[in-house]
Amino acid sequence: MDNLENKTVNKDRANENATLCLILAIASYPLICTLAGGVLTFIASVVLGILALKRGTTKVTQAVIGLAFDFVYLLICIAIIGFIWLVNDFGSVTVHETSMSPSGTYQVDIISYDLGATGGDFRVEVERASDGEFASVGDDKPRDGEEIYEAAASWSSSYEITWVSDDTFYLLPHNGSYNEIRVIRIELSEGGYSACEGYVTINRDESEFDHFEIDGDKVYYVCSVNITNTFDEPFEFLLRANAWKDKDGLLLEDIMISEAEDGSEMIYTIEPGRTENFEIVFTGEKGPSDKREEDDWLPGFSFVPVRYNPNYEP
């Protein structure tokens, strides 16, 4: 009688183990993002499933399904670990570009965070001569560099760096053409740095195409372009139009410029903290047509930075 009762108790425990095996196996999946929690439930599920089968559970299906879930969970974990290993293996953090201050007191390093197929980004660090030798392009990220957090930019970006004194420089991060100018002024000291950031932005919703004129082999587009400067200094720039819809039609090429009286490109200036409408006449070579593709279509615009005034005194 005692032997029968023991068998019954063992069978009940085996059935409980089978049920718990399935429950914990399912619970491991939502916990996989916590890793530790998921691994613990996974291990417990495997142990309980094996014990259930070893003790002769009548709920074999539950135990087998639980162990099958555990096997799939294990494959997912292996795949995640493999992916992380590949990213770390193929990724690198190196010096992409450098720029030294006029007297060699500081060096700006553009750091490439290359994450392989997943992309990456660029960050900016400053090295001080007092800390040792400066890094070179291709070196690993220097340990003693101070990161300029305001200057991080996407993987497709490039930087223009301009030193105006031994402890002050300007950064212009951009992606190809300047549809918006992001300008950062960095002032360095032995103990750190200060940063001022602003934008020069074209407001397309507030801009409009007025009309066009044809004069011999030239075409003129008259546009009102609304521009805002949030930087704390005046900004000088050229402005170009991209009339791609009119290329090979009214225009021979899509890029148009704004010309000054001497034939050079017109330089515009916008004061700090201002929003202004600039009446701009763009010119381009005449194409085979006398009509625009769309009468009121506003071309695209891009900036060409000329100068940010380092001697500006508000």
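Described in the following lines is the structure provided in the data block. (Residues numbered from 1 in each chain as written. Predicted model: local features only at pLDDT ≥ 70, side-chain atom pairs only at ≥ 80, totals over all residues. Heavy atoms only, no water.)

With that settled, the discussion passes to the overall build of the protein chain. When its secondary structure is counted, the protein chain shows three helices and 16 strands. For the protein chain, buried positions account for 39% of its 314 residues. In the protein chain, the share of contacts with a sequence separation of at least 24, taken over all contacts with a separation of at least 6, comes to 63%. Working note: accessible area of the protein chain is about 17,200 Å², and carbon and sulfur atoms make up 54% of it. (Helix = DSSP H or I, 4+ residues; strand = E, 2+ residues; numbered from the N terminus. Buried < 20%, exposed > 50% of the residue type's maximum accessible area, 1.4 Å probe, protein only. Contact = heavy atoms within 4.5 Å. Areas by Shrake-Rupley, 256 points an atom, 1.4 Å probe, with all protein chains shown as cover.)

Moving on: the pairing of strand β2 (residues 106–114). Taking burial as the measure, the nine residues of β2 include eight buried ones, the bulk of the element. Judged from the eight bridges that link them, strand β1 (residues 92–100) and β2 form a sheet pairing that is antiparallel. Bridged to Met100 within β2 is Gln107. Taking the residues between adjacent antiparallel strands as the criterion, β1 and β2 are bridged by five residues, where Gly104 takes a positive phi near 80°. Across nine bridges, β2 lies against strand β3 (residues 120–128) in antiparallel orientation. Bridging across to β3, Gln107 finds its partner in Glu127. (Pairing = 2+ DSSP bridges.)

So, on to unusual backbone geometry. The residue Asp248 is not glycine, and still its phi comes out positive at about 65°. Structurally, the position occupied by Asp248 is in the loop between β12 (235–242) and β13 (255–257). For Asp248, a relative accessible area of 56% gives the class exposed.

Turning our attention to the pattern of salt bridges. Throughout the structure, instances matching the rule amount to 13 salt bridges. With a shortest N-O distance of 3.1 Å, Glu125 and Lys141 are connected by a salt bridge. In this pair, Glu125 sits in strand β3 while Lys141 sits in the loop between β3 and β4 (146–147), placing the two residues 16 residues apart along the sequence. Taking relative accessible area as the criterion, Glu125 reaches 3% and is therefore assigned buried. (Salt bridge = Lys/Arg side-chain N within 4 Å of Asp/Glu carboxyl O.)

Using the criterion set out here, one finds eleven aromatic pairs in the structure. Measuring from centroid to centroid gives 5.1 Å for Phe237 and Phe303, while their planes differ by 90°, and the two rings are edge-to-face. Of this pair, Phe237 sits in strand β12 while Phe303 sits in strand β16 (residues 300–308), placing them 66 residues apart in sequence. Judged by its relative accessible area of 0%, Phe237 falls in the buried class. By relative accessible area, which is 2% here, Phe303 ends up buried. Sitting above the plane of the Phe209 ring, Arg292 keeps its charged end 3.9 Å from the centroid. Cation over ring: Arg292 sits above Tyr221, and NZ or CZ is 4.7 Å from the ring centre. (Phe/Tyr/Trp six-rings, centres within 6.5 Å; stacked < 30°, edge-to-face > 60°. Lys NZ or Arg CZ within 6 Å of the ring centre and 35° of its normal.)

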